[in-house]
Amino acid sequence: MEERIKIEYDALVIGAGIAGGEAALNLANTGYKVLLVEKDHSLGGKMILLSKVFPTLDCAACITTPKVSEIARHKNITIFTESEVTHVSKRGQNNFTAEITKKPRYVHVADCTACQLCEKACPVNVTDEYQYGLIGRKAAFIPFSIANPKAAVIDIENCTLCGACERVCPTHCIDFTMETELYELKMKTVILATGFRLFDPLEIPRYGYGQYKNVITSMQMEREIAPTRPYNTILRPGDGKVPDKIAYVLCTGSRDNTVGNPICSQICCMYSIKQAQLLMGALPMADVTIYYINIRSFGKGFEEFYQQAKGMGVNFIKGKIGKITEKENGNLILRYEDISSGVVSEAEHDMVVLSVGVQSNPAVSNIFDAGSLKLDFHRFVAQKDLMGSPSKTSIDGVFVAGTASGPMDIPDSILSAGSASSEAISYLSQPQQQ
Amino acid sequence: MKERIGVYVCHCGGNISDYVDVEKVCRAVENEDGVVLARTTLFACSDSNQNEMINDIKEHNLDGVIVASCSPKLHLATFRNVTERGELNKYTYVHANIREQASWAHSDDKTGATEKAIHLVKAAIAKSRYAEPLYPYWFEAEKTIAVIGGGIAGMKATASLADKNSNVVLIEKESRLGGHTAEWGSLAMTDEKGYELTERIAGDIRNRENIFILTGAEVISTKGSIGNFEIRIRKKPQKEGDPSEIMVMKIGSIVVATGYDHYSPKDGEYGFGNSDWVITLPEFKKLVDSSTGKILEYKGMRISNVVYIYCVGSRQANGGNSYCSRYCCTSAIHTAIEAKKKFNGIVNIHLNRGIRTYGKQELLYAESLQMGDLYLQFNEESLPKIFVKKQKMVIAVKDILSAGKELEVEADLVVLVTGMVPRSDRSVGSMLKLPKGRDGFYNEVHMKLRPVETVIDGVTIAGTCQGPKNISESVNSALSAATKSYSLISKGTLETEPIIAKIDQENCSWCSKCLNACPFDAISKEAVHNREVAIVNASVCKGCGMCTPVCPVDAIDLTGYSSKEMMSMIDVLV
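Residues numbered from 1 in each chain as written. Chains lettered and ligands numbered in written order. Predicted model: local features only at pLDDT ≥ 70, side-chain atom pairs only at ≥ 80, totals over all residues. Heavy atoms only, no water.

## Regarding the domain arrangement of chain B
Splitting chain B by domain gives domain 1 (5-134), domain 2 (144-259 + 423-493), domain 3 (269-420) and domain 4 (500-558). Each of domain 1 of chain B and domain 4 of chain B has a C-alpha centre, and these two points are 33 Å apart. (Domains from an automatic or database assignment.)

See below:
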C-alpha cells in the first residue's frame with residue numbers, strides 16, 4: 001500500500017462510513033484520485049455492523065461488504081485506516097493541505113492472513129467495542145469477521161507486551177516497532193463524512209442503563225440480531241435468558257430538552273420497527289412493545305413498513321416512559337403516561353431496548369483554521385445553502401456528506417453523498433484561477 | 001465443456017443458512033461432473049472471500065465459477081467482476097439464487113428449502129458446463145444529456161451537468177422554469193422565498209453555452225437506448241395558430257425529473273367543494289404569502305380560527321395512497337407560524353395523525369407549540385367530521401391526546417393538508433418504460449445500491465418523481481442522478497451486455513412474430529441475399545428472451561442462455 005501514497009490528491013474524503021465510501025467511489029469512478037481517511041480499523045462505518053436495513057430488510061452486510069470491497073481495490077482510492085486528519089488549511093482555490101496522523105496498527109496488513117492464531121494466543125481479555133460491550137475480545141484481535149481490511153490489530157492500550165502473538169504469527173506480520181506516521185498531503189477539495197455519535201443513555205439515569213443489566217441500547221440489540229452476532233440467538237445480558245416481553249423506548253436522547261437535544265433523530269422509529277419485525281421472526285412467541293411519542297415513518301415505503309409491523313402483532317403504545325425500575329428477577333417495570341387512557345400506567349418487561357438517537361460529531365470543526373468551518377445550532381456541520389446546494393459548507397471547496405450535517409437514514413445519506421461528490425466534481429471542473 | 005468448476009455456497013450470515021443446510025448443499029454438489037471445488041462461505045460478497053475466489057481460480061485452474069447466494073439482481077455483477085479479476089471470461093460465471101428462491105421463500109420448510117437449493121445449484125452447474133465465453137459490444141455514445149422537467153430537481157441536475165462540461169438539454173412542459181417550488185413563498189427552515197430560490201437557480205443555468213433550455217416543450221416519443229437515445233420534442237408555437245415545432249435530438253442519457261402533483265381532494269372530502277371555506281394547503285400558503293395588512297381576509301371574511309386537517313390524501317390504509325407524503329407536516333406548521341406572525345388574532349388548530357417534523361424540522365413544531373398552537377390527534381378509524389352549527393363551521397374530532405374525548409372546534413377556515421401524488425401525466429414514464437412502485441412513483445433499481453438508476457439503462461430519476469421529498473432532499477437526489485447520468489456516458493464509449501438474441505438467418509423466414517414480441521424495438525426486417533430476414537440491433541437488444549420462444553422455426557437463440565444451456569438445466573430440475 002505504501003507505494004500508492006502520493007503527495008497530491010484531487011479529493012480528501014474524511015470518514016469511510018457509507019456516506020464517505022459512496023462519495024469516494026463516485027469521485028474515483030469519474031477518474032479523480034481520492035484519499036480516504038478513516039479513524040477506525042475498518043471501512044464501512046456503523047452500517048457494516050447493522051443487521052438488516054429498513055424498509056426493504058436487505059441484510060446490511062450484503063450491501064456494505066461489496067461496496068467496501070470495491071472501495072478497497074479501486075485504483076483511484078488510497079485508504080488510510082486508524083488515521084486522523086488533524087489539520088486542514090485552505091491555501092487557495094483547489095488548494096488544500098492536510099496534516100494526517102496514522103497510528104500504528106502493529107500489524108503489517110499486507111502480510112496478515114487473518115488466521116486468528118494471535119487472537120488465540122493473546123492472554124488479555126477486554127470488552128469488544130464492535131459488539132458494543134456484549135462480549136469480550138483479545139488485545140490482539142480481528143475487529144469483526146467482515147472487517148476490511150480483514151487483518152489483526154494490536155490494541156496497544158491494553159497489550160501487556162508479552163509477545164505471545166508475535167511468537168505464534170506464521171507470517172511474522174506483527175511488528176511492535178511500528179510508529180505513528182505523520183503526513184502532510186495536498187488536495188484540491190475536501191468532503192466531510194464524519195458521521196454521527198450515538199446518544200449515551202447514561203445521561204438519563206432514570207432509565208437505569210448501566211445499572212440494570214437487561215436495559216440495553218438499540219445498537220446492542222442490532223448486534224444481537226446481526227448475521228455476525230455474538231450469541232447466535234437473542235439473550236438478555238443479565239442472566240442469559242431468551243426474552244419474551246421486550247420493550248422499546250423511543251426518543252431516548254432525542255426530542256428531549258433535558259439532555260440538550262430538542263431535535264428528532266429521524267432514524268429511531270424506523271430501526272426500532274425493523275428490529276421489532278426481526279424479533280417477531282426470531283422469537284415467534286415473544287411480545288414486542290414500542291413506546292412512542294409519534295411514529296415518524298416518513299420515507300419511501302416506510303409507512304407501509306410500519307403498518308406491516310402492526311399487522312405482525314407488534315404493540316404500539318403512545319406514551320413517554322418516565323422511569324424504569326428493576327425487579328429482583330431482573331425484569332423491568334416501565335412507568336409511563338398512557339395517552340390512550342389518559343392515566344399513568346406501569347408495565348413489566350423482561351428486556352428493555354433504549355432507542356438511542358443521533359448526536360453530532362463536532363470535533364471536525366477543530367481541524368480547520370479558527371472558526372472557518374461553521375457549525376449549526378446543534379453542532380452539526382452547517383449547510384450554507386440548505387435548499388439550493390445542501391452539501392456546501394461555509395468553506396468554498398469543502399463539502400459535507402451524510403449525517404455530519406444532521407440526522408438522516410441510509411438512503412438519504414447515500415443521496416447526500418451523491419450530492420456532495422457531485423458538487424466536488426463541479427468544483428474540480430472549474431477553470432483554474434491563476 | 002467446462003471441466004473445472006468451482007462452487008461457493010453462501011451462508012449470507014444466516015439469511016440463507018438459518019433455513020438452508022448449506023453444508024449439505026455443498027456436499028450434495030461436490031461430486032457432480034466437472035466440479036473440482038465446493039465450499040461454503042459466510043459472506044461470498046466480502047472482500048476476503050472475493051480474494052479467496054481469485055486465488056482458487058488460479059490455484060485450481062478453474063474454468064467455471066458458481067456462487068449460490070442471493071438474487072442476481074444484487075450481486076451478479078459483483079461475482080462476474082471477481083471472475084474477470086481471476087482472468088476468466090466474466091460471462092462464464094453462473095449465479096444460483098438460493099436466498100430469495102429457497103431460504104426466504106420456504107422459511108417454514110427447512111428440508112424442502114435445502115432440497116430446492118440443491119436442485120438450483122445442480123442446475124447452475126449444468127448451465128456452467130456449457131457456458132461459452134462472451135465478449136461485450138462497444139459503441140460510441142452521444143455525450144449530450146437530456147433533463148426532462150424544469151423544477152428545482154431538473155434545474156439543479158442541469159446546472160450540475162453543465163458544471164461538469166456536459167452538453168445539456170433541459171425540457172420543460174410549462175412556459176416557465178421552477179415547477180412547484182416557484183409557486184411557494186417563504187420556505188420552511190431557511191425563510192427564502194420559493195420563487196427567489198428558483199429564480200436564483202434559473203439564473204445560474206440561463207445563458208450558458210452548454211445548456212439548451214426548451215420551455216413549453218414536450219417529449220413526444222423516444223427510441224433507442226443508453227448512449228443512443230433519439231427523442232422527439234414538440235415545442236409549442238410562439239403565437240397561437242402557428243404550427244408547433246418538432247425537434248429530434250440524439251441523447252446519451254436521460255434524467256427524468258417530472259415531479260409530482262398536489263393531491264386534489266375529492267368532491268365532498270372534508271367538505272371540499274361544498275364550502276368556500278375549505279381549501280388546500282397550497283391555496284392557504286398562497287393566501288398567507290400574498291395577503292398584506294394585519295388582518296387575514298378570505299373572500300371578504302375575516303379569518304381568525306384556522307383548522308388544519310392533516311394527512312389528506314396520505315396514509316390511507318384503504319384509500320389510494322398508503323404512503324406518507326413527508327413534507328406536509330413541516331410545511332403546514334411553517335405556514336401556520338407565518339400566518340400567526342403576520343396577522344392579528346390567528347388561532348391555529350392542528351388536527352393531525354402524529355406530527356412528523358423529522359430531524360431539525362422538529363424545532364418548528366416546538367416553536368408553534370410555544371406560540372400556543374393547539375394540536376389534537378385523531379386515528380384513521382375516526383376521521384374528523386365537518387358540519388355547520390349556528391352558521392359556524394364546526395369540526396368534531398375524537399382526540400387521542402385527551403383520552404379519546406369527542407371535541408368540537410370552530411373554524412373560519414379549514415385547511416386540508418394535502419400530500420404529494422404521482423403526476424397524472426405519465427407520458428414520459430410510459431415512453432421510457434419506467435417501472436412504478438405500488439405508490440405510483442417511479443422506482444429506483446435499489447434504494448441503497450442504485451438509488452437514482454432505473455431498470456432502463458441510461459435513464460436516471462431525480463426529485464419527487466421517485467417519491468415525496470422536500471426541496472433539500474430533491475436537490476440531493478437530483479445531483480446524485482446528474483452525476484450518475486454523467487458517469488455513464490462521459491467516457492464516450494459504452495459497453496453493452498453480449499447477452500442478446502441471435503438469429504440464424506439461414507432458417508429465418510420472416511414471419512414478424514419476433515418483431516411483435518420484442519418490447520424494445522430491437523428487431524427489424526432486412527433483405528439479406530434477396531431474402532427477407534429478421535436482424536437484431538445489438539445496442540438496443542436487452543436479452544430479455546421474449547422473441548426466442550415465439551419463433552416457429554426455432555431460428556433464435558439467446559447467447560448466454562442458449563437452448564443447450566437451458567435444456568441441460570431443465571434436465572436437472574425435472
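## A few points about the side chain of Asn-148 of chain A
Following the sequence through the fold, Asn-148 of chain A ends up in the loop between strand E10 (140-141) and strand E11 (153-154). Here Asn-148 of chain A falls in the buried class, since its relative accessible area comes to 5%. A polar atom in the side chain of Asn-148 of chain A sits 3.0 Å from the side chain of Asp-47 of chain B. What Asn-148 of chain A contacts, discounting residues up to four positions off in sequence, is His-41, Ser-42, Leu-43, Val-68, Ser-69 and Ala-72 of chain A together with Asp-47 of chain B. (Helix = DSSP H or I, 4+ residues; strand = E, 2+ residues; numbered from the N terminus. Buried < 20%, exposed > 50% of the residue type's maximum accessible area, 1.4 Å probe, protein only. Polar contact = N/O pair within 3.5 Å; in protein donor to acceptor, adjacent residues only side chain to side chain. Contact = heavy atoms within 4.5 Å.)

## A closer look at the packing of aromatic side chains
By the definition in use, this model includes 15 aromatic pairs over all chains. Where Phe-298 of chain A meets Tyr-358 of chain B, the ring centres are 3.7 Å apart and the plane angle is 10 degrees; that geometry is what we call stacked. Of this pair, Phe-298 of chain A sits in the loop between strand E16 (287-292) and helix H7 (302-312) while Tyr-358 of chain B sits in the loop between strand E18 (347-352) and helix H10 (362-370), placing the two residues on different chains. In this pair, the class of Phe-298 of chain A matches that of Tyr-358 of chain B, namely buried. Geometrically, the ring pair formed by Phe-79 of chain B and Tyr-93 of chain B is tilted, given 6.0 Å between the ring centres and 35 degrees between the ring planes. Of this pair, Phe-79 of chain B sits in helix H3 (residues 72-85) while Tyr-93 of chain B sits in the loop between H3 and strand E4 (94-97); the two residues are 14 residues apart in sequence, bridging distant segments of the chain. On the basis of relative accessibility, which here comes to 1%, the residue Phe-79 of chain B falls in the buried class. Among the residues examined, Tyr-93 of chain B registers a relative accessible area of 4% and is labelled buried. The ring of Tyr-207 of chain A carries the charged tip of Arg-206 of chain A above its face, separated from the ring centre by 5.2 Å. Sitting above the plane of the Tyr-561 of chain B ring, Lys-127 of chain B keeps its charged end 4.6 Å from the centroid. (Phe/Tyr/Trp six-rings, centres within 6.5 Å; stacked < 30°, edge-to-face > 60°. Lys NZ or Arg CZ within 6 Å of the ring centre and 35° of its normal.)

## Quick look at the pairing of strand E12 (residues 253-256) of chain B
Residues and elements named next belong to chain B. Taking every second residue as pointing to the same face, both faces of E12 are buried, with Ser-253 and Val-255 on one and Ile-254 and Val-256 on the other. Pairing of E12 with strand E25 (residues 459-461), which is carried by three bridges, proceeds in the parallel orientation. If you follow Val-256 over to E25, its bridge partner there is Ile-461. (Pairing = 2+ DSSP bridges.)

## Digging into the state of the cysteines
Residue and element names in this part refer to chain A. Tallying each qualifying case throughout the model produces one disulfide over all chains. Cys-59 shares a disulfide with Cys-62; S-S distance 2.1 Å. An S-S torsion of about 80 degrees defines the bridge between Cys-59 and Cys-62 as right-handed. Given a relative accessible area of 1%, Cys-59 falls into the buried group. Of the cysteine sulfurs around Cys-115, a residue in no disulfide, the closest is that of Cys-169, at 6.2 Å. The thiol of Cys-169 is unpaired, and the distance to the nearest cysteine sulfur, on Cys-173, comes to 3.6 Å. (Disulfide = S-S within 2.5 Å.)

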